[in-house]
Amino acid sequence: MLFRSGTMPTSYSVSDWFEKKRGRATGVMMVGVGLGGLIFVPLTRLLIDLFQWQRTFMIYAVATSVILIPVVAMVIRRRPAELGILPDGEVPGGEQECASREVSASTTGAPGDWTFRSAVRTRTFWVISGVYILVTFGQVGLLINQVAYFQDIGISAERAALALGACAFLGIAGKLFFGAIADRYPVRYAMALSFGLQALGTLLLLQTQALGSPFWFVIVWGFAMGGVIALEPLIVAECFGMKSFGVILGMVYVCTTIGASAGPPFAGFVFDLNRSYGPAFVVFAITYAFSAALSFLAIPPRLSQEANQDFGGRNYELDRKSVV
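Considering the overall build of the protein chain
Move 1: Check the secondary structure of the protein chain and you find 12 helices and 0 strands.
Move 2: Scored against the burial criterion, the 324 residues of the protein chain give a buried share of 44%.
Move 3: For the protein chain, contacts bridging at least 24 residues in sequence account for 76% of all contacts bridging at least 6.
Move 4: Counting every atom, the protein chain has about 16200 Å² of accessible surface; 67% of that belongs to carbon and sulfur.

Notes on the nonpolar core
Move 1: Of all hydrophobic cores here, the largest spans 56 residues; its most connected members are Tyr132, Phe150 and Leu231.
Move 2: Contributions of two or more residues to this core are made by α5 (123-152), α6 (157-184), α7 (187-206), α9 (215-240), α10 (245-274) and α11 (278-295).
Move 3: Here this core takes 12 residues from α9, the largest share from any one element.
Move 4: When sequence neighbours within four positions are dropped, the list of residues in contact with Leu231 reads Tyr132, Phe178, Ala182, Val187, Ala190, Met191 and Ser194.
Move 5: By size, the runner-up hydrophobic cluster in this structure holds 6 residues, among which are Val14, Ala25, Ile229 and Ala230.

Considerations on the confidence of the model for the protein chain
Move 1: Considering every residue of the protein chain, the mean pLDDT works out to 81; 81% of them sit at 70 or more.
Move 2: For the stretch residues 102-110, pLDDT sits under 50, and the model shows 9 contacts to residues farther than four places along the chain or on other chains.
Move 3: Below a pLDDT of 50 lies the segment residues 305-324, which in the model reaches 48 contacts outside its immediate sequence neighbourhood of four places, other chains included.

Regarding α5
Side chains of residues three or four places apart in an α-helix project in the same direction, reflecting 3.6 residues per turn.
Move 1: Over its 30 residues, α5 runs 42 Å from end to end, which matches the ideal 44 Å to within 8%, given 1.5 Å per residue.
Move 2: For α5, the principal kink sits at Asn145 and spans about 50°.
Move 3: One or two steps after α5, the chain reaches Gly154, where phi turns positive at roughly 100°.

A few points about the packing of aromatic side chains
Move 1: This model, assessed by the stated rule, comprises 19 aromatic pairs.
Move 2: Ring centres 5.9 Å apart and planes at 85° place the aromatic pair Trp53 and Phe57 in the edge-to-face group. You can see Trp53 and its partner Phe57 sitting in helix α2 (residues 22-75), 4 residues apart, about one turn around the helix.
Move 3: Pairing Phe271 with Tyr277 gives two aromatic rings, centres 4.5 Å apart and planes at 25°, and the pair type is stacked.
Move 4: Phe271 gets classed as buried once you look at its relative accessible area, which sits at 15%.

Let's talk about the packing of α7 against α9
Move 1: Two elements in contact, α7 and α9, have axes whose closest approach is 8 Å; the angle formed by their N-to-C orientations is 155°. Judged by the inter-axis angle, α7 sits roughly antiparallel to α9. Note that α7 runs across α9; the crossing there is left-handed.
Move 2: The residue makeup of the contact of α7 with α9, split by class, is 18 nonpolar, 5 polar and 2 charged.

Notes on unusual backbone geometry
Move 1: A positive phi angle is found at Gln52, which is not glycine, with a value near 75°.
Move 2: Owing to a relative accessible area of 53%, Gln52 belongs among the exposed residues under this scheme.

As for the pattern of salt bridges
Close approach of charged atoms lets side chains of opposite charge pair.
Move 1: Considering all chains together, one arrives at 2 salt bridges under this definition.
Move 2: Here Arg24 ties to Asp183 by a salt bridge, and the two come within 2.8 Å at their closest N and O atoms. Of the two residues, Arg24 sits in helix α2 while Asp183 sits in helix α6, which places them 159 residues apart along the sequence.
Move 3: Judged by relative accessible area, Arg24 falls into the partly exposed class, the value being 42%.
Move 4: The residue Asp272 makes a salt bridge to Arg275 at a minimum N-O spacing of 4.0 Å. Here Asp272 and Arg275 have matching classes, each one exposed.

Concerning the environment of Leu143
Move 1: With respect to the secondary-structure elements, Leu143 resides in helix α5.
Move 2: Filtering out sequence-adjacent residues up to four positions away, Leu143 remains in contact with Leu164, Trp221 and Met225.

Analysis parameters
Residues numbered from 1 in each chain as written. Predicted model: local features only at pLDDT ≥ 70, side-chain atom pairs only at ≥ 80, totals over all residues. Heavy atoms only, no water. Helix = DSSP H or I, 4+ residues; strand = E, 2+ residues; numbered from the N terminus. Buried < 20%, exposed > 50% of the residue type's maximum accessible area, 1.4 Å probe, protein only. Contact = heavy atoms within 4.5 Å. Areas by Shrake-Rupley, 256 points an atom, 1.4 Å probe, with all protein chains shown as cover. Core = buried A, V, L, I, M, F, W, Y, C linked by side-chain atoms within 4.5 Å. pLDDT = per-residue confidence, 0-100. Expected span 1.5 Å × (residues − 1). Bend = angle between axes of the 7 residues up to and from the residue. Phe/Tyr/Trp six-rings, centres within 6.5 Å; stacked < 30°, edge-to-face > 60°. Axes fitted to C-alpha atoms, helices over the stretch in contact; angles between N-to-C directions. Parallel < 35°, antiparallel > 145°, perpendicular 65-115°, else oblique. Left-handed = near helix turned anticlockwise from the far one by under 90°. Nonpolar A, V, L, I, M, F, W, Y, C, P; charged D, E, K, R; others polar. Salt bridge = Lys/Arg side-chain N within 4 Å of Asp/Glu carboxyl O.

Here you go:
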């Protein structure tokens, strides 16, 4: 939950500042999450060895207060209008510019700005939430248990740890790739591709002994893993706009946490029963495939005229036409 609370304000800021290039901007922003893990995990280990964990906490607290917070306060502005510009850095250009933005919105299927109360009454909201419950159920379950699985099938601890690190590294490239895909096509297509590749990667994981290497799994699954976190705020912005983006995304994150919390103990429970992770990983592959198929139903809903006039009202209609 702490991780999600950290990505919430950054996702909100990026979504406000970018429209046409929102996917790529979000991918670049999410790269920071991966780089942070690659840099600060070994750094934290070093600091603990030098100063013990109590002083390490104090070092990070002071650094955050003295460096991070002042930099954010000086640099970050909530909306581009505060600097007299439009999203994507465009300068206001009168009626012609406004018309071009309206045409762009109509061709990308941009919805009205939904309130939380109205959004949770749509099928789309629960489709997105269900998709992320399923996909994080498998993702976190695999992340937590893959090293133990590799060791059980005879792969050394060092090689298993290397595979885990490679997954994190390839996930950085995946964030950039799927963010760029989301700029060119509806986000649900990028979600289906990401989750489908993770299903394939899970099947490759089950065939690690036959393939002779864990890195076939790492290449496919690790790369596709980057799309999960990068696409979540993008699908919310595409389907429900920015009026209540924070609270809608926050509720989706709550649902996501349910799946992420259930995956690791499920895999452990299955292992205790069967002395093998194989059956659990088969279930994860199935949930990945189902989430990929379900992603196609994450179609932006349309506010009715009455709902547009009274945000938070009960009336809405779902546009069943897919906008490509």
